[in-house]
Amino acid sequence: MSVALPITALPFARRGACPSLDEPMLTGDGFLARVRIVGGCLSPAQLEAIAQQAQRHGNGLLEITARGNLQVRGLTESSRRLFAVAVRGIIEVESGLVVETPPLAGDDPSEISDPRPLAAAIRDISQPFARYLGPKVTVVVDGAGQIGLAGLKADVRIVAMASDRWALSVADGGAVELHASEVLNRVSAVLQQLADLGSAARATDLGPAQRQPRVRAASSPIGTFTLSGGSARGIALPFGSATAVAIMSLAQTAAQLAIAELRLAPHHGLLAVGASPAFVEQAAQLGFVTTGSDPRTRISACIGSDGCASGHVPARAIAAQLAPHLPANTHLHVSGCAKGCAHPRPADITLVGRADGYGLVIGGKAGDTPGALLQADQLESSLAAR
Ligand code: SF4
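### Thoughts on the pairing of strand 4 (residues 61-64)
Here is the key point about a regular strand: its side chains alternate between the two faces of the sheet.
Next, step 1: By the alternation rule, side chains of strand 4 split into Leu 61 and Glu 63 and Leu 62 and Ile 64, which are all buried.
Next, step 2: Bridging between strand 4 and strand 13 (residues 241-243) involves three bridges; their strand directions are antiparallel. If you follow Glu 63 over to strand 13, its bridge partner there is Ser 241.
Next, step 3: Between strand 4 and strand 5 (residues 70-75), which follow one another and run antiparallel, lie five residues, and Gly 68 among them has a positive phi close to 85°.

Quick look at the structure:
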């Protein structure tokens, strides 16, 4: 199943490359397809059916990304097409400009304004030049409710300030407050500029942004959330990944508990609308993350050598072993190699798989020069020493 290619030859090295269902990206473990489900909503039966296809055509794992997209790895040259056809038969998949809204949008009594109509209007106005925009160009429209998207990078971010006023920022620079009637023109102008610059352009290319610290921390999707007509309970995939078998079991559990709707959520989350505590209990038994205090929420890890030709160590398996030993308030990144796919930013502690052991980087990224070289039997003690 593994497809070994020199890393420099892989499409993921190209700026602006982004996998989709129809154009999956070749990685160290075959093709990676990202499935953009319309509205991020699916029924338990649809989730189970997609997991079955992932097991049949991929490497048997499913991922929910940090942005809340479903992802399947390990597809082959022939199976990727079969997978795409099968998924389109199960659920509606979107394409075009990425316009993201929070997973509870429209049902969240605490949000200042429902962002979905504005998001739909942005999708409409982007159509004439969407094909000239790079696939990673992203507009976030956030109603400022319980699960915000503040932790996710955006080319254009629009956050509700009042029922008819929105704060708009480009490349996460300084925000301008606009009346609802002005927002579309401003977004259209930015997208037009990006389209003129070509498909490699991101909003950071439009000029130096006056970067401002994000006021709201990233929201966790784990826990119980009040909806206008009920509630939702959120869980997360450990390290963003689960086996297709576990996902199928989870979907069957949801169906047995009469849960009609699941929603993909940022930070590897899955929300079950109308779920009872029994859903959470059974998800925990299946190995999913069900409490915000679970140390796995503070660990990033790629598949490593269990599924990637570039990996020197089984990063997720190591991360699972180390989770109980992780000190409080510490973010650990276990990376199969120096590329650092799972967390391209600095972490408190980064363990980088190498042919001769694990590089230890404190307060840096996977690609930084390690301060020490550790062996497998030294990993736990290295965490305890922090
Ligand atoms: S960081 Fe992990 S997923 Fe990325 S290339 Fe290295 S081993 Fe593969």
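Once the structure has been displayed, the description carries forward.
### Section: the site of the ligand
Next, step 1: In the vicinity of the ligand there are 13 residues, among which Cys 302, Cys 308, Gly 311, Gly 336 and Cys 341 approach most closely.
Next, step 2: Residues belonging to the shell around the ligand are distributed by class as follows: five nonpolar, seven polar and one charged.

### Regarding the domain arrangement of the protein chain
Next, step 1: Here the domain parsing of the protein chain yields domain 1 (7-95 + 221-292), domain 2 (104-206) and domain 3 (296-384).
Next, step 2: Taken together, the contact pairs 13 residues of domain 1 with 11 residues of domain 3.
Next, step 3: Here the side of domain 1 that touches domain 3 is composed, by residue class, of five nonpolar, six polar and two charged.

### Looking at the nonpolar core
Side chains that are nonpolar tend, in soluble globular proteins, to be buried together.
Next, step 1: In terms of nonpolar packing, the biggest core is built from 50 residues, with Ala 33, Ala 51, Leu 62, Ile 235, Ile 247, Ala 272 and Phe 288 touching the most fellow members.
Next, step 2: Sort the elements by how many residues they give to this core and helix 5 (residues 244-256) lands first, with six residues.
Next, step 3: Contact partners of Ala 33, with chain neighbours within four places excluded, come to Pro 19, Leu 21, Pro 24, Val 72, Leu 75, Arg 80, Phe 83 and Ala 84.
Next, step 4: The next biggest cluster of nonpolar side chains, apart from the first, holds 28 residues, and it includes Ala 119, Ala 160, Val 183 and Ala 201.

### Some details on the environment of Ala 180
Next, step 1: When you line up the elements, Ala 180 lands in helix 4 (residues 180-197).
Next, step 2: Remark: the alpha-carbon pair of Ala 180 and Leu 118, spanning 62 residues in sequence, is separated by 8.5 Å.
Next, step 3: Apart from residues no more than four positions distant in its own chain, Ala 180 is found in contact with Asp 164 and Trp 166.

### A few points about helix 2 (residues 79-90)
Next, step 1: The first and last C-alpha atoms of helix 2 sit 16 Å apart over 12 residues, in line with the 16 Å expected at 1.5 Å per residue.
Next, step 2: Where helix 2 is buried, its residues meet strand 2 (30-35), helix 1 (44-57) and strand 5.

Reading the values: the criteria
- Throughout, a residue's number is its position along its own chain's written sequence, starting from 1.
- Selection of residues for local features in this predicted model requires a pLDDT of at least 70, selection of side-chain atom pairs for listing and counting requires 80 or more, and totals for whole chains, interfaces and linings are taken over all residues.
- Partly exposed residues are those whose C-beta has more than 12 but fewer than 20 other C-beta atoms within 10 Å; with 20 or more the residue is buried, with 12 or fewer it is exposed, and the C-beta atoms are placed from the backbone.
- Strands here mean DSSP runs of E at least two residues long; helices mean DSSP runs of H or I at least four residues long; both are numbered from the N terminus.
- In short, DSSP must find at least two bridges between two strands for them to pair.
- As a rule, any residue with its backbone-derived C-beta atom within 6 Å of a molecule or strand is reported as near that molecule or strand.
- Gly is placed with the polar residues, together with every amino acid not listed as nonpolar (Ala, Val, Leu, Ile, Met, Phe, Trp, Tyr, Cys and Pro) or charged (Asp, Glu, Lys and Arg).
- The domain boundaries here were taken from an automatic or database domain assignment.
- What counts as a contact here is a pair of residues whose C-beta atoms, placed from the backbone, lie within 7 Å.
- Here, a nonpolar core denotes buried Ala, Val, Leu, Ile, Met, Phe, Trp, Tyr and Cys residues that are linked to one another through C-beta atoms within 7 Å.
- Multiplying 1.5 Å by the residue count of a helix minus one yields the expected span of that helix.

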